[in-house]
Amino acid sequence: MCTVCGCSGSHEHDHEHHHGHAHSHDAGHVHFGKGDAGVSVPGMSQARLIQIETDILGKNNSYADNNRALLAAKGVLALNLVSSPGSGKTTLLVETLKRMAGRTPAAVIEGDQQTSNDAERIRETGVPAIQINTGKGCHLDAHMVGHALEKLPLDEGSVLFIENVGNLVCPAAFDLGEAFKVVILSVTEGEDKPLKYPDIFANADLMILNKTDLLPHVDFCVGAAIRNARRVNHKIQVLQVSARTGGGLDSWLAWLDGALKMQAAHARSLAAE
């Protein structure tokens, strides 16, 4: 088990296996993540847990730095798309790619535990896509993404969309080498998601509030969701979008254009050094 995120996926580190759960009761709550490492494993000290986490994330960050340097040198804008399962990430991505066709080259890395369904949907738009299946792992890491980059054609000045595994917890800890992290929250979820899963929102540059066409049919307060997101990240930008109707997609495309210009300027500064 990965002590960083609790998944049973494959990381490049040694695993120590223990059984059983440690928890304590406090004011009606059951706490599982105890100690300085934010997790409790029977028979393992907090110092050892912290060392394992430091090793895992340190190695991941090294791969992420390599990815970022490669992408920056080509002027490629990489976005890490994160969300719960069913938020509409893939539908949003498909509609985005359709509108970008003929304007901006793009490529996609798809992350799922199993199947290549989403990558096949992306390829139907004419955009190249690489599928990464993580098996029992609950997130992509920078090493996986680096291998995908070796196989994926990337035009200079293009956008690379990395659709992470549907999960609001584990992807927060793993830098993939992206320029921006974009979290998608649908109105079919609760307004309190940013408070329940703060790390992913705290690390995101942009929150896309998706499925807004369903607002008349669900009990969801847009203002509360935005306030909650800004409680954990006062700098987060917010866009309201309906991938199904196309509402708000122009604002999303404008945001992408602005981010591309920033990435192009960064690439020029690197070339001048």
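The structure we're discussing is the one just above.
Remember, it's a predicted structure, so these values are computed and weren't measured experimentally.

Colleague: Explain unusual backbone geometry to me, and be specific about the residues and the numbers.
Modeller: At Thr115, a residue that is not glycine, the phi angle is positive and equals roughly 70°. Take Thr115: it is sitting in the loop between strand S4 (106-112) and helix H3 (117-123). At Lys211, a residue that is not glycine, the phi angle is positive and equals roughly 65°. Checked against the element boundaries, Lys211 lands in the loop between strand S8 (206-210) and helix H7 (222-232).

Colleague: Can you break down the packing of aromatic side chains residue by residue, with the values?
Modeller: This structure, assessed with the given rule, holds 2 aromatic pairs. With a centroid separation of 5.4 Å and an interplanar angle of 70°, the aromatic rings of Phe180 and Trp255 are classed as edge-to-face. Remark: Trp255 occurs in helix H8 (residues 249-272) and Phe180 occurs in strand S7 (residues 180-186); sequence separation between them is 75 residues. Trp255 carries the same exposure label as Phe180, and that label is buried. Ring plane angle 20° and centroid distance 5.8 Å describe the contact between Trp252 and Trp255, whose orientation is recorded as stacked. With Trp252 and Trp255 both in helix H8, this residue pair falls 3 residues apart, about one helical turn.

Colleague: Explain the side chain of Ser84 to me, using residue names and the numbers behind them.
Modeller: With respect to the helices and strands, the residue Ser84 is situated in the loop between strand S3 (77-83) and helix H2 (89-100). For Ser84, a relative accessible area of 10% gives the class buried.

Colleague: An account of the nonpolar core is requested, with residue identities and associated values reported.
Modeller: Of all hydrophobic cores here, the largest spans 31 residues; its most connected members are Leu79, Phe161, Trp252 and Trp255. Looking at this core, the elements that each hand over two or more residues are S3, H2, S4, H3, strand S6 (159-163), S7, S8 and H8. Among the elements that line this core, the one with the most residues is H8, at 7 residues. With sequence-adjacent residues up to four places away left out, Phe161 is seen in contact with Leu79, Leu81, Leu93, Thr96, Leu97, Met100, Ala106, Ala107, Val108, Ile109, Trp252 and Leu256. One finds Leu168, Val183, Val187 and Met207 within the second-largest nonpolar core, a separate group that totals 18 residues.

The rules behind the values
Residues numbered from 1 in each chain as written. Predicted model: local features only at pLDDT ≥ 70, side-chain atom pairs only at ≥ 80, totals over all residues. Heavy atoms only, no water. Helix = DSSP H or I, 4+ residues; strand = E, 2+ residues; numbered from the N terminus. Phe/Tyr/Trp six-rings, centres within 6.5 Å; stacked < 30°, edge-to-face > 60°. Buried < 20%, exposed > 50% of the residue type's maximum accessible area, 1.4 Å probe, protein only. Core = buried A, V, L, I, M, F, W, Y, C linked by side-chain atoms within 4.5 Å. Contact = heavy atoms within 4.5 Å.

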